[in-house]
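An overview of the molecular structure
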Amino acid sequence: MNTPASPTPSASPSPPVRLLIVDDDPLVRAGLALMLGGADDIDIVGEGADGSEVAALVERLRPDVVLMDIRMPGMDGLTATEELRRRPDAPEVVVLTTFHADEQVLRAIRAGAAGFVLKDTPPARIVDSVRRVAAGDPVLSPAVTRQLMARAAGGVQDDRTSRTERARRRFGELAEREREVAIAVGRGHSNAEIAGELYLSVATVKTQVSRILAKLDLNNRVQIALLVHDAGLLDTDGEEGGGLG
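The structure contained in this document is the topic of the report that follows.

So, how was this worked out
Residues numbered from 1 in each chain as written. Predicted model: local features only at pLDDT ≥ 70, side-chain atom pairs only at ≥ 80, totals over all residues. Heavy atoms only, no water. Helix = DSSP H or I, 4+ residues; strand = E, 2+ residues; numbered from the N terminus. Buried < 20%, exposed > 50% of the residue type's maximum accessible area, 1.4 Å probe, protein only. Areas by Shrake-Rupley, 256 points an atom, 1.4 Å probe, with all protein chains shown as cover. Core = buried A, V, L, I, M, F, W, Y, C linked by side-chain atoms within 4.5 Å. Contact = heavy atoms within 4.5 Å. Salt bridge = Lys/Arg side-chain N within 4 Å of Asp/Glu carboxyl O. Pairing = 2+ DSSP bridges. Right-handed = clockwise from strand over helix to strand, strands pointing away. Polar contact = N/O pair within 3.5 Å; in protein donor to acceptor, adjacent residues only side chain to side chain. Arc of directions from axis to C-beta.

The secondary structure content of the protein amounts to 11 helices and 5 strands. Expressed as a percentage of the 245 residues in the protein, the buried residues total 43%. Accessible surface, the protein: about 12800 Å² in total, of which carbon and sulfur atoms supply 51%.

This part is about the nonpolar core. Buried together is how nonpolar side chains tend to be arranged in soluble globular proteins. Among the nonpolar cores identified, the biggest contains 24 residues, and Leu-20, Val-22, Val-54, Val-66, Met-68, Val-93 and Val-95 are the most heavily contacted of them. Contributions of two or more residues to this core are made by strand E1 (17-22), helix H2 (54-61), strand E3 (65-69), helix H3 (77-84), strand E4 (92-97), helix H4 (103-111), strand E5 (115-118) and helix H11 (221-230). For Met-68, the contacting residues outside a window of four places in its chain are Val-22, Val-54, Gly-77, Ala-80, Thr-81, Val-93, Val-94, Val-95 and Leu-96. Leu-174, Ala-195, Val-228 and Leu-233 belong to the second-largest nonpolar core, a separate cluster that totals 23 residues.

This brings us to the pattern of salt bridges. According to the stated counting rule, one finds 11 salt bridges in the structure shown. Among the salt bridges present, the one from Asp-23 reaches Lys-119, with a minimum N-O distance of 3.2 Å. Of this pair, Asp-23 sits in the loop between E1 and helix H1 (26-37) while Lys-119 sits in the loop between E5 and helix H5 (123-134), and the two are 96 residues apart along the sequence. The salt bridge partner of Arg-62 is Asp-89, with a shortest N-O separation of 2.9 Å. Note that Arg-62 is positioned in the loop between H2 and E3 and Asp-89 in the loop between H3 and E4, a separation of 27 residues in sequence. Classification of Arg-62 by relative accessible area gives partly exposed; the value is 40%. Through salt bridges with shared partners, a single network forms among Glu-59, Arg-62, Arg-87 and Asp-89.

Before going further, it helps to examine the pairing of E3. A regular strand places its side chains on the two faces of the sheet in alternate fashion. Here E3 lies mainly inside the structure; 5 of its 5 residues are buried. Residue alternation in E3 divides its side chains into two sets, Val-65, Leu-67 and Asp-69 and Val-66 and Met-68, and both sets are buried. Pairing of E1 with E3, which is carried by 4 bridges, proceeds in the parallel orientation. Looking at E3, one finds that Leu-19 is bridged to Val-65.

Time to look at the pairing of E4. For E4, the tally of buried residues reaches 5 of 6 residues, placing the bulk of the element in the interior. As paired strands, E3 and E4 are joined by 5 bridges and run parallel to one another. Directly across from Leu-67, in E4, lies its bridge partner Val-94. The parallel pair E3 and E4, bridged by H3, forms a crossover whose chirality is right-handed. Pairing between E4 and E5: 4 bridges, direction parallel. Bridge assignment links Val-95 to a residue of E5, and that residue is Phe-116.

Its location among the elements puts Leu-198 in helix H9 (residues 191-198). Overall, the relative accessible area of 16% leaves Leu-198 in the buried class. Through-space distance from the C-alpha of Leu-198 to that of Ala-184 is 9.3 Å; in sequence the pair is 14 residues apart. Those residues within four positions of Leu-198 in sequence are excluded, and the remaining contacts are Arg-177, Glu-180 and Val-181.

Here we take up the side chain of Asp-69. Looking at the secondary structure, you find Asp-69 in strand E3. Residue class for Asp-69 comes out buried when judged on its relative accessible area of 3%. A distance of 3.2 Å separates a polar atom in the side chain of Asp-69 from a polar atom in the side chain of Lys-119. Once residues lying within four places of it in the same chain are set aside, the contact partners of Asp-69 are Val-22, Asp-23, Asp-24, Gly-77, Leu-96 and Lys-119.

If you check which residues of H2 are buried, you get Val-54, Leu-57, Val-58 and Leu-61. Along the long axis of H2, the arc covered by the buried residues comes to 100°, so they all point the same way. Seen from the open side of H2, the exposed residues pointing more than 90 degrees away from its buried face are Ala-56 and Arg-60. Elements in contact with the buried residues of H2: E1, strand E2 (42-48), E3 and H3. One or two residues past the end of H2 sits Arg-62, with phi positive at roughly 50°.

Laid out in structure tokens, this is it:
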């Protein structure tokens, strides 16, 4: 008599994403809490009304993601993001804004925010944004990335020239394959798309991206994209531009 095979144990479910909401408007906080609290895989661990509260809340509550308003009357979300991302164990930050792209959003991303969402974004997309950021996938569409890069390219000519020179020096630290991956990230391509273009496995692309982040002391893929733009490696059509030589 054959003994029935033991059932294969199912993988244990991932723990819910621990989320901290920071916004000075109590109605906005209530709406976000209602919207996000309905997701089974998101656990709202706390709320804050000002950027000055963030450090203590993060220390006490240990969130995975902070959903942070940019404009607050005390410490704004930009300053709070900059201070928070200096921590070695910093949670990811998604900034909330009413603008598609402006200098404040650019500053937040340079500080290490994983992306941003508009306050009028459909609820399902805000929920999805939190999930994606928690999984290590920055929330910034290629179209918005191009807007931010165009804004970053503004300013006086001397500033742009200096920024380009600094960015190219930093790219000199990368190996050839790492540069190719970085440029593809700058075009807004996913790991799977980069793997197909460069004939690599997705796992290898992930490893290359991690090496680029470590070598250039960057926080996420969006910062890689901005540095690629600063170095002048993309033209207006999103293709590779001039070399580093």
